[in-house]
Amino acid sequence: MKITTIAFASALFLVGGAAAQDTAPNDAQIASIVVTANQVDIDAGKLAKSKAADKEVKAFAQQMITDHTGVNKSATALVKKLKVKPEDNPTSASLKSGGEENVSKLKGLKGAAFDSAYVDHEVEYHQTVIDALDKTLIPNAKNDELKALLVKVRPAFVAHLEHAKQIQTKLGKKGS
Amino acid sequence: MLFSGSGFAAATRATTHTVVIEGTQFTPGDLTVKRGDAVVWINKDPFPHTATASAAGFDSKNIAPGKSWKYRPRKAGVFPYSCTLHTTMKGTLHVE
């Protein structure tokens, strides 16, 4: 399991779970996690769009930029309307640093190695975000509109995951 | 020639049907229309989608958030379609 995924999963565990008092994320923290999660994928997508060798990987990267920017636009508009200020928390911080780590690592790669590393990370990342939506973010969202937005965008992330897996398979066959 | 087409009858009774694209899904997923009716796909998601027939047929190309695309089917048949950007999204257009 990649470092990013472990860090994110354990940060969620801290925020959402076993510790004694009520540590489920509140709406302000959920908003911050969602905006950060989208931004991390936008940043990786920008790098891949310029650097990927395979055309389909480039197109996928562009789609990540487009879709996650769109979701963030909706999320930001909603929290503004609800007068909720996104609140940084251990989960959003670990997402951010994990994302920066991934980008750093990708910058040192090129060609097929870059493409594989980028896509492998996208598969893991989208799976992790979907799990977080299901286990922590959606169940704990108190505001109905925020919850509805999370539910509404979940299927797009599933589509991203499926697409990334298809590309991953294709890239896996390319070398052989 | 007079009897060849749907022209007259369809023109006087054409209906407009709406397919809503929201939550990365076509609703209704299954739609039956008559030749000459209009089908309007409206994108209520915050990112683009397409409505693209799996065989040759129709292709909306990118429908931006908040925008719609209108299509008037001329040929009867069953037309499975999907979003080329999110291939988990599938629908079927039945044209009578």
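Structure's up top.
Right, let's walk through the structure included here. (Residues numbered from 1 in each chain as written. Chains lettered and ligands numbered in written order. Predicted model: local features only at pLDDT ≥ 70, side-chain atom pairs only at ≥ 80, totals over all residues. Heavy atoms only, no water.)

**Observations concerning the interface of chain A and chain B**
Now for step 1: Contact residues are listed per partner, giving 14 residues for chain A and 12 residues for chain B.
Now for step 2: Interface area for chain A against chain B, summed over the two sides, is near 960 Å², with a carbon-plus-sulfur share of 62%.
Now for step 3: One salt bridge connects Glu22(B) with Lys152(A), and the closest N-O pair in it is separated by 3.0 Å.
Now for step 4: Applying the counting criterion to the chain A and chain B interface returns 6 residue pairs in polar contact (both at pLDDT 80 or more).
Now for step 5: Put simply, the parts of the chain that give the side of chain A that touches chain B at least two residues each are helix H3 (55-81) and helix H6 (144-174) of chain A.
Now for step 6: No other element matches H6(A), which puts 8 residues into the side of chain A that touches chain B. (Contact = heavy atoms within 4.5 Å. Buried area = accessible area lost by both parts, 1.4 Å probe. Salt bridge = Lys/Arg side-chain N within 4 Å of Asp/Glu carboxyl O. Polar contact = N/O pair within 3.5 Å; in protein donor to acceptor, adjacent residues only side chain to side chain. Helix = DSSP H or I, 4+ residues; strand = E, 2+ residues; numbered from the N terminus.)

**So, the packing of helix H2 (residues 27-51) of chain A against H6(A)**
A pair of packed helices can be characterised by two numbers: the angle between their axes and the separation between those axes.
All names here are of chain A.
Now for step 1: Across the interface, H2 lies against H6 with an axial gap of 12 Å and an inter-helix angle of 25°. With respect to each other, H2 and H6 are oriented roughly parallel. Considering how the two elements wind past one another, H2 and H6 form a crossing that is left-handed. Between H2 and H6, the contacting residues are Asp-27, Ile-30, Val-34 and Asn-38 on the first element and Leu-146, Leu-150 and Phe-157 on the second.
Now for step 2: Here the residues of the contact of H2 with H6 are counted per class, giving 5 nonpolar, 1 polar and 1 charged. (Axes fitted to C-alpha atoms, helices over the stretch in contact; angles between N-to-C directions. Parallel < 35°, antiparallel > 145°, perpendicular 65-115°, else oblique. Left-handed = near helix turned anticlockwise from the far one by under 90°. Nonpolar A, V, L, I, M, F, W, Y, C, P; charged D, E, K, R; others polar.)

**Re the environment of Asp59(B)**
All names here are of chain B.
Now for step 1: Note that Asp-59 resides in the loop between strand E5 (52-53) and strand E6 (68-71).
Now for step 2: Residue Asp-59 is classed as partly exposed on the basis of its relative accessible area of 34%.
Now for step 3: Between the C-alpha atoms of Asp-59 and Cys-83, which are 24 residues apart in sequence, the distance is 9.4 Å.
Now for step 4: The contacts of Asp-59, once residues within four sequence positions are left out, are Ala-51, Thr-52 and Trp-69.
Now for step 5: A polar side-chain atom of Asp-59 sits 2.9 Å from a polar atom in the side chain of Thr-52.
Now for step 6: Of note is the side chain of Asp-59, whose polar atom sits 2.9 Å from the backbone nitrogen of Lys-61. (Buried < 20%, exposed > 50% of the residue type's maximum accessible area, 1.4 Å probe, protein only.)

**Considering the environment of Arg72(B)**
Residues and elements named next belong to chain B.
Now for step 1: Along the polypeptide, Arg-72 turns up in the loop between E6 and strand E7 (77-82).
Now for step 2: When its relative accessible area of 34% is taken as the criterion, Arg-72 is described as partly exposed.
Now for step 3: Through-space distance from the C-alpha of Arg-72 to that of Phe-58 is 9.5 Å; in sequence the pair is 14 residues apart.
Now for step 4: Apart from the residues within four sequence positions on either side, Arg-72 is in contact with Ala-14, Gly-36, Asp-37 and Ala-38.

**Some points on the sheet that holds strand E3 (residues 30-33) of chain B**
All names here are of chain B.
Now for step 1: Overall, mixed pairing links the 4 strands, which are arranged E3-E8-E7-E5 in an open sheet. Pairing within the sheet leaves two strands with one partner each, and these edge strands are E3 and E5.
Now for step 2: Relative to strand E8 (residues 90-95), E7 runs antiparallel, the two being bridged by 6 bridges. The residue of E8 that forms the bridge with Pro-80 is Thr-92. (Pairing = 2+ DSSP bridges.)

**Looking at the sheet that holds strand E2 (residues 26-27) of chain B**
All names here are of chain B.
Now for step 1: Overall, mixed pairing links the 4 strands, which are arranged E2-E1-E4-E6 in an open sheet. Every interior strand has two partners, whereas the edge strands, E2 and E6, have only one.
Now for step 2: Where strand E1 (residues 16-21) and strand E4 (residues 38-43) come together, 6 bridges link them in parallel fashion. Paired with Thr-18 across the bridge in E4 is Val-40.

**Focus: the pattern of salt bridges**
Now for step 1: One pass over the full model with this rule turns up 7 salt bridges over all chains.
Now for step 2: The shortest N-O distance in the salt bridge between Lys34(B) and Glu96(B) comes to 3.8 Å. Remark: Glu96(B) occurs in the segment after E8 and Lys34(B) occurs in the loop between E3 and E4; sequence separation between them is 62 residues.
Now for step 3: Beyond isolated ion pairs, a larger network of salt bridges with shared partners links Asp54(A), Glu56(A) and Lys170(A).

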